[in-house]
Amino acid sequence: MSLSIALSNALSGLQVNQTALQVTSGNVANVNTPNYARKIHNQENRVLGGQGVGVDTASIIRRIDQFLRRDLMNETTVLGNNKVTSDYYNRMQAMFGSLGNNNALGNSITDLSVAIENVANSPEVAAHRFDAVNEAVEMAQYFNDMATNVQSLRSQADAEINAAVDIINAELEIIADLNSQIANNDTKGLPVGDLQDRRDVAIKTISEYMELQEFTDSFGQVRLFTTAGRSLVSGTSFGTLSYTNTPFMTANETYPATISGIYLNGGAAPPPTSDITTEIRGGKLEALIAMRDETLPAMTNQIDQLAAQMRDEVNRVHNRGANTPFGLGTAAGDPAAMYGTRVINTPGDPLTLGSDVTFAILDANGDSVTAPLTIAAGATTPTAIITAINGHLTAAPGYGTAAWNNDRMEIKLEPGYRLAILDNGPAADSGDATIQFDADGDTVQETYLGFSSFFGLNDMFETPDLATGTPALANQGAQLGISSNIQVRQSIVDDPSYLSRGMLRGTPPTMSLGVGDNEIAQQLADAFGENFNYASVADGPSAVSTTFSGYAGVILSFNASATASSDEALEFQTFFFEDLQAKFLSEAGVNLDEELANMTIFQSAYNASARLVQAVDEMLETLLNLAR
């Protein structure tokens, strides 16, 4: 009986040490394999009937510090968030240029200011006017390009969200499948360490995109939840995220109005209750959503605010000028000399003029050809005003017409004539007449400065509404996204002589426009040095009073500061993550020296067991010979 026990001990030793060598060889082979955790072979004494009969493999487990593993998953989420944030801020910074180069928005505004100053100094020089208009076109194009680039970044973030959803779905399915295999192997007493390694890789991948809550049940299966408690994986069952990419991104695209939510188990027609977009915390997904829905729209709001301020202030000054377009005829097919941007839906509503407004018809030399029209201060209506202007223009021999066209004031003139408008307002308002009118239809009258400016008859900049194409201006149309459409009025681009330089001079009935008059050109130049108020922007700079180029610098500085902060956060988090990962790997990673030492021990034990089998075999052979 004792020889049988000895043989059993020897054979079990061979088997166990062979398994131990197999585990050790696996560790050595995967010494450079990422995310591989060292496997530990545990053995125990085999007892039968109260007597030791050899050795058994008790378990093959991973050498993992679960607390470090949990912390590493959490920091993976933070690092993913920091990477996206830093990446997008740096892309924004590259897009806007720096304070010291010629690609910055402020430099473009300054270039236009210098060009207009040259016009003011020599208003009769055509080359200066040409340069000023070219600089205005280039600046408007700079606004357009920046606005387009911001929407391009939003589109890229949206596409990355779509890709992230696909990645998460694939990993959730993998985790559920591995849960099944792990539970099955565990039931059969088979090793599960390699399956757990693969499952950890999948969990870590999802952790890069969103924060998770993780639990392991009694079957060794992982259960995953969102931070809001929604189940992603439960045993062998897994959830499915769905998302619809936005094909074309503009400033008007917003979540949840026109941008899809991220739905969990929503099906073909997901209900609002399955939308988890606002519940996602941490990781790349939260950062991408924040960039698409908050940070980048805030940049759009800043650029739009600057574009609107420049449009309103420059147009107000430009409308004071008398260098208006010459007529091209009054027939139905002839283009308008002046076509207002203000839409008047209710021309019969009351309008109050704060000062007299004078209208003079000028010839090519800038001299009045007939006694001017004066519309007196006081209560009137848009209908009454356009009727008076039309009556003045159609008086013999006939100089033009005035009528509503698509609810906008349209003035047509015969060739060789231009219409100049002069407000007789107080000096405190730079001579502009105040106008009180309910332009936005809220039953409350607003106050505007400048007759021509109110109707938009001689604007320099135009900003079509992003959705409708209708001109957007104060209390008319949506201001969102106007920076993508701001443009110089086409008639000025076609003929830079229509850039306002001088104003109507003289007293009725004799009024004129001098060739060398630079009053309005100088006012335009001065506007670029004047401080205007800019409102605070959510996720952007605080309220400030500064110049046009000054606010461009504020936008750039705020973005540069945010970029520097995101880079610092990423640098710190990367260092912290790598330090934590090093600690984790020092525990879970393969130590080649230790494995080679173990290999020697197991090899010696295997050889000893084999020698013991041989000895028992010889003893049994001797015993059998004695019996013969």
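This text follows the structure it describes.
The structure presented is a predicted model; accordingly, all values stated were derived computationally and were not measured.

Asks: Help me out: how do you make sense of the pattern of salt bridges in this one?
Replies: Any two side chains of opposite charge can pair, given that their charged atoms come close. Scanning all chains against the criterion turns up 23 salt bridges. Between Glu279 and Arg230 there is a salt bridge; the shortest N-O distance is 2.8 Å. Taken together, the residues Glu279 in the loop between strand 8 (263-264) and helix 6 (283-318) and Arg230 in the loop between strand 4 (222-225) and strand 5 (231-234) connect sequence positions 49 residues apart. When the shortest N-O distance is used, the salt bridge between Arg316 and Asp432 registers 3.1 Å. Residue Arg316 is found in helix 6, and its partner Asp432 is found in the loop between strand 16 (418-423) and strand 17 (434-437); the two are separated by 116 residues along the sequence. For Arg316, a relative accessible area of 22% corresponds to the partly exposed category. Through salt bridges with shared partners, a single network forms among Arg62, Arg69, Asp197, Asp200 and Glu214.

Asks: When you look at the pairing of strand 15 (residues 408-413) in this model, what are you seeing that I'm missing?
Replies: Within a regular beta strand, the side chains point alternately toward one face of the sheet and then the other, so they alternate between its two faces. Extensive coverage of strand 15 is indicated by the burial of six of its six residues. Side chains Arg408, Glu410 and Lys412 of strand 15 all project onto a buried face; the interleaved residues Met409, Ile411 and Leu413 project onto the opposite face, where all are buried too. Bridge count for strand 9 (residues 338-339) against strand 15 is two bridges, and the pairing is antiparallel. Bridging from a neighbouring strand, Tyr339 pairs with Glu410 of strand 15. Across six bridges, strand 14 (residues 400-405) lies against strand 15 in antiparallel orientation. Its bridge partner lying in strand 15, Ala403 is registered against Glu410. Linkage of strand 14 to strand 15, two consecutive antiparallel strands, is achieved through a turn of two residues, within which Asn406 is found at a positive phi near 55°.

Asks: Sorry if this is basic, but what is going on with the sheet that holds strand 11 (residues 357-362) here?
Replies: Spatial strand order, 12-11-16: three strands in an open sheet with antiparallel pairing. The outermost strands of the open sheet, each flanked by one partner alone, are strand 12 (373-375) and strand 16. Each neighbouring strand pair of the sheet contributes to a mean axis angle of 20°, computed without reference to strand direction. Where strand 11 meets strand 16, six bridges bridge the pair, whose relative direction is antiparallel. Residue pairing across strands places Ala360 opposite Ala420, the latter belonging to strand 16.

Asks: Sorry, what's going on with a nonpolar patch on the surface here?
Replies: Residues Leu592, Leu596 and Met599 make up a contiguous nonpolar surface patch of about 230 Å² in total accessible area. Along the chain, Met599 falls in helix 12 (residues 592-627). Here Met599 falls in the partly exposed class, since its relative accessible area comes to 34%.

Asks: Looking at this structure, how should I read empty space enclosed by the protein?
Replies: Over the atoms a probe the size of a water molecule is rolled, and this reveals where empty space is left. Applying the stated criterion across every chain, the model contains one cavity of 30 Å³ or more. Top contributing element to the lining of the largest cavity by residue count: helix 11 (residues 548-588), with three residues. Considered class by class, the residues forming the lining of the largest cavity number eight nonpolar, no polar and no charged.

Asks: It is not clear to me how the sheet that holds strand 6 (residues 237-238) should be interpreted in this structure. Could you clarify?
Replies: Within a sheet, adjacent strands bond to each other through the backbone by hydrogen bonds, running parallel or antiparallel. Strand order in the open sheet formed by four strands is 3-4-5-6, with antiparallel pairing between adjacent strands. Only two strands of the sheet have a single neighbouring strand rather than two, namely strand 3 (213-216) and strand 6. Pairing between strand 4 and strand 5: three bridges, direction antiparallel. The partner of Leu224 across the bridge, within strand 5, is Val233. In this fold helix 4 (residues 126-188) packs onto strand 4, strand 5 and strand 6, with an angle of close to 25° to the strand it touches most, strand 5.

Asks: Looking at this structure, how should I read unusual backbone geometry?
Replies: Among all residues save glycine, negative phi is the norm, and among peptide bonds the norm is trans. Omega for the bond connecting Tyr255 with Pro256 falls within 30 degrees of zero, at 5°, which places this linkage in the cis form. Structurally, Pro256 is set in the loop between strand 7 (241-242) and strand 8. That bond from Ala396 to Pro397 is cis: its omega, 10°, falls within 30 degrees of zero. In this fold, Pro397 is placed in the loop between helix 7 (382-394) and strand 14. Positive phi values are uncommon outside glycine, yet Asn406 reaches one of about 55°. Backbone geometry places Ser430, a non-glycine residue, at a positive phi of 60°. Among the secondary structure elements, Ser430 is positioned in the loop between strand 16 and strand 17. Relative accessible area serves as the criterion here: at 42%, Ser430 is assigned to the partly exposed category.

Thresholds, definitions, all that
Residues numbered from 1 in each chain as written. Predicted model: local features only at pLDDT ≥ 70, side-chain atom pairs only at ≥ 80, totals over all residues. Heavy atoms only, no water. Salt bridge = Lys/Arg side-chain N within 4 Å of Asp/Glu carboxyl O. Helix = DSSP H or I, 4+ residues; strand = E, 2+ residues; numbered from the N terminus. Buried < 20%, exposed > 50% of the residue type's maximum accessible area, 1.4 Å probe, protein only. Pairing = 2+ DSSP bridges. Axes fitted to C-alpha atoms, helices over the stretch in contact; angles between N-to-C directions. Patch = residues over 30% accessible without salt bridge, like charges linked within 9 Å, V, L, I, M, F, W, Y side chains within 5 Å. Areas by Shrake-Rupley, 256 points an atom, 1.4 Å probe, with all protein chains shown as cover. 1 Å grid on protein atoms, 1.4 Å probe; cavity = no way out; pocket = protein on both sides within 12 Å on 5 of 7 lines; lining within 4 Å. Points joined across faces, edges and corners; volume = space filled by probe spheres on them. Nonpolar A, V, L, I, M, F, W, Y, C, P; charged D, E, K, R; others polar. Contact = heavy atoms within 4.5 Å.

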